[in-house]
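What follows is each chain in one-letter form.
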Number of protein chains: 2
Amino acid sequence: MRTETKPEEKNTESVAQQIRHQMRVIKQGAVDLIGEEELEQKIERSIQTGKPLNIKFGMDPSAPDIHLGHAVALRKLKQMQDLGHNVIIVIGDFTGKIGDPTGKSKGRKAMTDSEVAANAQTYQEQIFHILDRDKTQVRYNGEWLELLNLEEVLNLASTITVARMLERDDFHRRFHTGVPIGLHEFFYPLMQAYDSVELKADLELGGSDQTFNVLMGRSLQKERGQEPQAALFMPLLEGIDGNEKMSKSLNNYIGIYEDARTMFTKVMRIPDKLILKYFELATDIMPEELDLIKEKMADGCNPRDCKILLAKEITSLYHSAEDAEMAERFFIEAFTNKEVPEQAEKLCVVLEHGTLFDCVRPLVNAGLVGSGAEFRRLLAQGGVKKNGVKIDNLEEAVKSGDVLQVGKRKFVRVETG
Amino acid sequence: MRTETKPEEKNTESVAQQIRHQMRVIKQGAVDLIGEEELEQKIERSIQTGKPLNIKFGMDPSAPDIHLGHAVALRKLKQMQDLGHNVIIVIGDFTGKIGDPTGKSKGRKAMTDSEVAANAQTYQEQIFHILDRDKTQVRYNGEWLELLNLEEVLNLASTITVARMLERDDFHRRFHTGVPIGLHEFFYPLMQAYDSVELKADLELGGSDQTFNVLMGRSLQKERGQEPQAALFMPLLEGIDGNEKMSKSLNNYIGIYEDARTMFTKVMRIPDKLILKYFELATDIMPEELDLIKEKMADGCNPRDCKILLAKEITSLYHSAEDAEMAERFFIEAFTNKEVPEQAEKLCVVLEHGTLFDCVRPLVNAGLVGSGAEFRRLLAQGGVKKNGVKIDNLEEAVKSGDVLQVGKRKFVRVETG
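About the cut-offs
Residues numbered from 1 in each chain as written. Chains lettered and ligands numbered in written order. Predicted model: local features only at pLDDT ≥ 70, side-chain atom pairs only at ≥ 80, totals over all residues. Heavy atoms only, no water. Pairing = 2+ DSSP bridges. Helix = DSSP H or I, 4+ residues; strand = E, 2+ residues; numbered from the N terminus. Contact = heavy atoms within 4.5 Å. Buried area = accessible area lost by both parts, 1.4 Å probe. Salt bridge = Lys/Arg side-chain N within 4 Å of Asp/Glu carboxyl O. Polar contact = N/O pair within 3.5 Å; in protein donor to acceptor, adjacent residues only side chain to side chain. Least-squares fit on C-alpha atoms with pLDDT ≥ 70 in both. Expected span 1.5 Å × (residues − 1). Buried < 20%, exposed > 50% of the residue type's maximum accessible area, 1.4 Å probe, protein only.

A. The pairing of strand S11 (residues 410–416) of chain B, seen in detail. Residues and elements named next belong to chain B. Bridge count between strand S10 (residues 403–406) and S11: four bridges; the pairing is antiparallel. Pairing of valine 406 across the sheet is with lysine 410, part of S11. The hairpin formed by S10 and S11 contains three residues between the paired strands, and glycine 407 there has a positive phi angle of roughly 70°.

Below you can see the structure in the form of structure tokens.
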């Protein structure tokens, strides 16, 4: 006689497993998840009804060039899409079009409809490099915010006290140091919260600097008789210098449009302590794979090997697997094996300043560029790389052993003395 | 040869005189006038163009029974109408209909359209007892506030900082004692200010507790490229007890609908120190007449004579001159000459408690009421007066010489021992 598993039991177990799996994927790498139990219930209901959750993610229509720092949230969204859920990107066109009514903040200039549309277009092209187009809805919050009248605005405003609003970090700081806060600024968190009501968001994803606003969405939904959204916060990703938040202005970023070699090489430059964080936040590997890598590193494996895995993983995400292979080969040839590419020559430099400036005369003397002026032109045009990474400044630090690439094919290795 | 006054010169002088006169009437009795020079210019322009100024006065649609305390502002408005200007009464129906969205404040229950309309109707019946109907416009602020959308609301909000808003007395006090302030409450001053913009008000009249809101109107008008309204503040009028602000709940009020005798008698009860203030705030006498009364009082005239003048002045404002005469005669008969009216009897009372309670038994014994219960019923129904003023409480203080009126025709003078 065969014992049979009751179908219900099997189902129950499988649902529980699925919930556990989803929760694990969602939480991986996150700083915080508010409303965890509620989220589990939502996921359970979603599994049982086959109805995906609404995952909300807001962005300003300022059209950034997306780098791996921005991509942290997008990859998390993608993971949730892979779990079957829907992503709603909320483009803050309403706020964008208003700009800063005081005109004091240069960064908050009012945009026209067509500027907003153009930026949103650029943005979408970029996000669909990462997100699944079929499981993504793009909404503009002007759709509903433009329709609010004063009575509705006052109703919104009545859901929060002035004291509570002043608890928000930046408002608190400004209030107590006497930096003016325009009354309209109190509305931006409320508007973001109202977006959640309008979209019946099940979960909102935000950077860790968005805690206040995202939680306000929860309380406003409760106020309006909705189930409150779960709030998932992703950490900020440090740039390749390992210290500061990744940002274009600090030049410590890896853009998602950089060529495979640059991308690979830049990843190889991150400090070892960031390897696991990059795996968690900048790739799509599953929690189980991450555990394997953690084990490997704990077992004393050479961090460089893990970093190569990471660089290949990241590079294949934004290019092809073959591109990643080629980038790896280039990297190993150029740096790891300490063999210079075939075209490389040695360049004797007296490092008086310790910068690229010291190399200009030797390069001219060696006949690699026609003149100092030509070199500067080439530098300005992006035709100079150090260790595989574009540089654009004579102040760039240069030390013995660095490989300079001048133009497409000329490689030199700097030697001192 | 006759010297001729140049017409321009004559004109100029007469305009200057008119301005001086108008300013004097406007400022009489006021606590403060902000924008005095601007107001002079507005008046000058008004005289030259024949175009009246817009005088704004706001009120809640809560339909109070108007007493002399409320009438202070209305009389000032009437004086300005007599100078040729237009009064715009702004009924805050928008705020009234919203009520308090938090539902926490009982006093701010949302009213329906028909309630607001009914209250506004009652209010208008009362104000036209004082104001000139032809020079009065009644507007409902819902007209324009209902049309504001979020963008316009944010624009309004951006004209003020949170810190500035928290300088308002009541907000300041509540913020620093931890009493919650709903964010929507910050909008009430802004809405009042916006009313001024919408009405292109030249002057707003407010109680001295309205300073913040009225001044906000000035700054918002400037912001919107309008000439800022002048801001005129009237003091609060003390009640007949001479201590507290006149109010129904403190039972120290003189209602504008009280009969002539009651009104006259109540005025006679105010302390001497308030005679001039009542002349200034509760009558329409001209500054020159007020000067005469001041002189009289300085010359040592009996304050009671001045008070009789005042009581006649006030009584004739709300009744006829004849009614005022009759009230005076009644008063003098009853109180001043210490002669009781013909119907009066003496009532011997042992003042054990010093209150009306002591009189009940003697009244029953004298056959003036059937029983203690009947007296209590009469008292509750408003059928008992002391010195011409209705009383409704057995705790009411009674002393020797007081005249009690029980029912329509029975008068007794209290005598002790």
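We are not done yet, so read on.
B. Local environment of the environment of B:Tyr318. Residues and elements named next belong to chain B. Relative to the assigned elements, tyrosine 318 resides in helix H15 (residues 303–318). In this structure the C-alpha to C-alpha distance between tyrosine 318 and glycine 255, which are 63 residues apart in sequence, comes to 9.9 Å. The residues touching tyrosine 318, leaving out its near neighbours within four places in the chain, are Leu68, Ala71, Arg75, His129, Ile130, Ile256 and Met263.

C. Broad picture of the interface of chain A and chain B. Contacts between chain A and chain B engage 31 residues on the former and 31 residues on the latter. Between chain A and chain B, roughly 2,600 Å² of surface is buried when both sides are summed, and carbon and sulfur atoms account for 82% of that area. Contact with chain B buries surface across chain A, with A:Leu150, A:Leu154 and A:Leu183 losing the most and accounting together for 27% of the total. Our enumeration of links across chain A and chain B arrives at zero salt bridges. Scanning the region where chain A abuts chain B turns up six residue pairs in polar contact (both at pLDDT 80 or more). Mapped onto the side of chain A that touches chain B, the elements with two or more residues apiece are helix H4 (93–98), helix H7 (150–157), helix H8 (162–165) and helix H10 (187–199) of chain A. The element that contributes the greatest number of residues to the side of chain A that touches chain B is H7(A), accounting for six residues.

D. Just the side chain of A:Glu258, in detail. Tracing the backbone shows A:Glu258 in the loop between strand S6 (230–234) and helix H12 (260–268). Once residues lying within four places of it in the same chain are set aside, the contact partners of A:Glu258 are A:Tyr253, A:Met263, A:Lys266 and A:His319.

E. Structural detail: the relation of the copies chain A and chain B. Structural alignment of chain A on chain B gives an RMSD of 0.3 Å, achieved by rotating through 180° and translating 0.1 Å along the axis. Considering both components of the superposition, the chain copies are consistent with a two-fold axis. Ranked by how close their C-alpha atoms come to the rotation axis, the residues of chain A are headed by A:Asn149, at 2.2 Å. When you check the interface residues of chain A against chain B, 100% turn up at the interface there too, and the contact is symmetric in its surfaces.

F. View of helix H3 (residues 68–82) of chain B. Residues and elements named next belong to chain B. The end-to-end C-alpha separation of H3 is 19 Å, in line with the 21 Å expected for 15 residues at 1.5 Å each. Looking at H3, one finds that the buried residues are Leu68, Ala71, Val72, Ala73, Leu74, Arg75, Lys76, Leu77, Lys78, Gln79, Met80 and Gln81. Positioned one or two residues after H3, glycine 84 has a phi angle of 110°, which is positive.

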